Amino acid sequence: MNKPGSDRPRMVESRFEVSSIPVRMRLDELRRLKDGWLDGLGKAPTAESLDWLARTFCAQYSADLPRPYIYPTAEGGVQLEWSLGSREASLEILLDDRSAEWHMLDLSSDEQEVRSLNLDEAESWGWLARRLKELAGALG
Amino acid sequence: MTDETLLLRQINPSFVQEDKVSSQAFRPTPKDRRKLSVYDGDLITAERAWAHFTSQGFRSAGVLAVAVAECPREQRVVRSSPEHFPEHAEIDFQDFTLNECKRIAERLRDAAKLRGWRFQIEPQ
């Protein structure tokens, strides 16, 4: 695959892009979704699962970490995304079993990183925090 | 269709937060059956594609675009599929693993972001 935009200057507006919307407010927006939200087929996340995510996120995710962008997934889960310089990271959360899939792609090198996490375990949140700090810190 | 042809992708409003588009917008949805539905930009404008899409009852915050040349080159994955409607085309993800699909989606989202909205109902 070729590298799109490689012949064009990349706009650098900040060290990394972060959302300014508080996490709880964004999760509340997702509560308004109904089944069928994605072209008639997307499953809406349940209120109980969003309650758990909001509670756990606030307890486990330090305020000094880059705030993620938050999107629903077609399967009724939630995906967190971060743009950290040339790195695009995502955490796809399956709310049914509270597992998550980390994916990071460095657009400049094509290097990928994947990892499975269990968000019921503090160790997984610790790993996520360390990794995000490393990626954000590498931007200087 | 040439390497320069723009493939127009409808962006669901829930995949937009503060004008930042989720990479999921460039991965096939369950409806797409591992084929990402797009409009052939040689045959229809972004605004008319948006009007066609939303007239079917689907929601779209606007239209982003990638060029055929920005799609995976390993296999012939971009093709016209006029059996749906004349301007319909698709990017076929069937031969890729889940993580490859995620990588491709990130690349397509990045290319589309650099190009900017081709049509947008209102800035988010």
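Residues numbered from 1 in each chain as written. Chains lettered and ligands numbered in written order. Predicted model: local features only at pLDDT ≥ 70, side-chain atom pairs only at ≥ 80, totals over all residues. Heavy atoms only, no water.

(A) Focus on the overall build of chain B. Looking only at helices and strands, chain B has two helices and eight strands in total. Secondary structure of chain B in N-to-C order comes out as β-β-β-β-α-β-β-β-α-β. For 124 residues, the compact-globule estimate of 2.2 N^0.38 gives 14 Å, and chain B sits close to it at 13 Å. C-alpha atoms of chain B, sized along the principal axes, occupy 35 × 30 × 25 Å. By the burial criterion, 55% of the 124 residues in chain B qualify as buried. Partitioning the intrachain contacts of chain B with sequence separation of at least 6 by distance along the chain shows that 74% fall at a separation of at least 24. In chain B, the 19 positive side-chain charges and the 19 negative ones have mean positions that sit 4 Å from each other. (Helix = DSSP H or I, 4+ residues; strand = E, 2+ residues; numbered from the N terminus. Rg over C-alpha atoms; globule rule 2.2 N^0.38 Å. Buried < 20%, exposed > 50% of the residue type's maximum accessible area, 1.4 Å probe, protein only. Contact = heavy atoms within 4.5 Å. Lys, Arg positive; Asp, Glu negative; His and termini not counted. Charge placed at Lys NZ, Arg CZ, Asp CG, Glu CD.)

(B) Looking closely at the overall build of chain A. Broken down by element type, chain A carries three helices and five strands. The order of α-helices and β-strands along chain A, N terminus first, is α-α-β-β-β-β-β-α. Put simply, chain A has 140 residues, and 49% of those count as buried. By sequence separation, contacts in chain A at least 24 residues apart represent 46% of the contacts at least 6 residues apart.

(C) Region of interest: the confidence of the model for chain A. Here chain A averages 87 in pLDDT, while 85% of its residues score no lower than 70. Across residues 1–14 of chain A, confidence stays below pLDDT 50; counting only partners more than four residues off in sequence or on other chains, it has 26 contacts. (pLDDT = per-residue confidence, 0-100.)

(D) Structural context of the sheet that holds strand β7 (residues 88–92) of chain B. Residues and elements named next belong to chain B. The strand order across the open sheet formed by six strands is β6-β7-β4-β1-β5-β8, and the pairing between neighbours is antiparallel. Looking along the sheet, the strands with just one partner apiece sit at the ends: β6 (78–80) and β8 (119–120). Looking at chain direction, strand β4 (residues 35–40) and β7 are connected through five bridges and run antiparallel. Residue Y39 lies in a different strand from β7, and its bridge partner there is H88. Strands in contact with helix α1 (residues 46–54) are β1 (6–11), β4, β5 (62–67) and β8; relative to β1, the strand with the most contacts, it is inclined by about 40 degrees. Relative to β5, helix α2 (residues 98–115) is tilted by about 110 degrees, and along the sheet it contacts β1, β5 and β7. (Pairing = 2+ DSSP bridges. Axes fitted to C-alpha atoms, helices over the stretch in contact; angles between N-to-C directions.)

(E) Main features of the nonpolar core. W82, L91, W102 and L128 of chain A together with F26, V66 and I91 of chain B are the most contacted members of the largest nonpolar core, which totals 64 residues. Broken down by element, the residue count for this core peaks at seven residues, all from helix α3 (residues 122–137) of chain A. When sequence neighbours within four positions are dropped, the list of residues in contact with F26 of chain B reads R9, I11, L36, L64, V66, F93, A105, L108, R109 and A112 of chain B. With ten residues, the next largest nonpolar core counts Y39, I44, V63 and F119 of chain B among its residues. (Core = buried A, V, L, I, M, F, W, Y, C linked by side-chain atoms within 4.5 Å.)

(F) Main features of the pattern of salt bridges. The full count for this structure, using the stated rule, is 20 salt bridges over all chains. Among the salt bridges present, the one from K43 of chain A reaches D96 of chain A, with a minimum N-O distance of 4.0 Å. Residue K43 of chain A is located in the loop between α1 (23–31) and α2 (47–60), and its partner D96 of chain A is located in the loop between β3 (87–94) and β4 (99–106); the two are separated by 53 residues in the primary sequence. By relative accessible area, which is 70% here, D96 of chain A ends up exposed. Between K102 of chain B and E92 of chain A there is a salt bridge, with the nearest N and O atoms lying 3.2 Å from each other. Here K102 of chain B, found in helix α2, pairs with E92 of chain A, found in strand β3, and the two come from separate chains. Each member of the pair, K102 of chain B as well as E92 of chain A, is classed as buried. Overlapping salt bridges, with partners in common, bring together E81 and E88 of chain A together with K20, E106 and R109 of chain B in one network. (Salt bridge = Lys/Arg side-chain N within 4 Å of Asp/Glu carboxyl O.)

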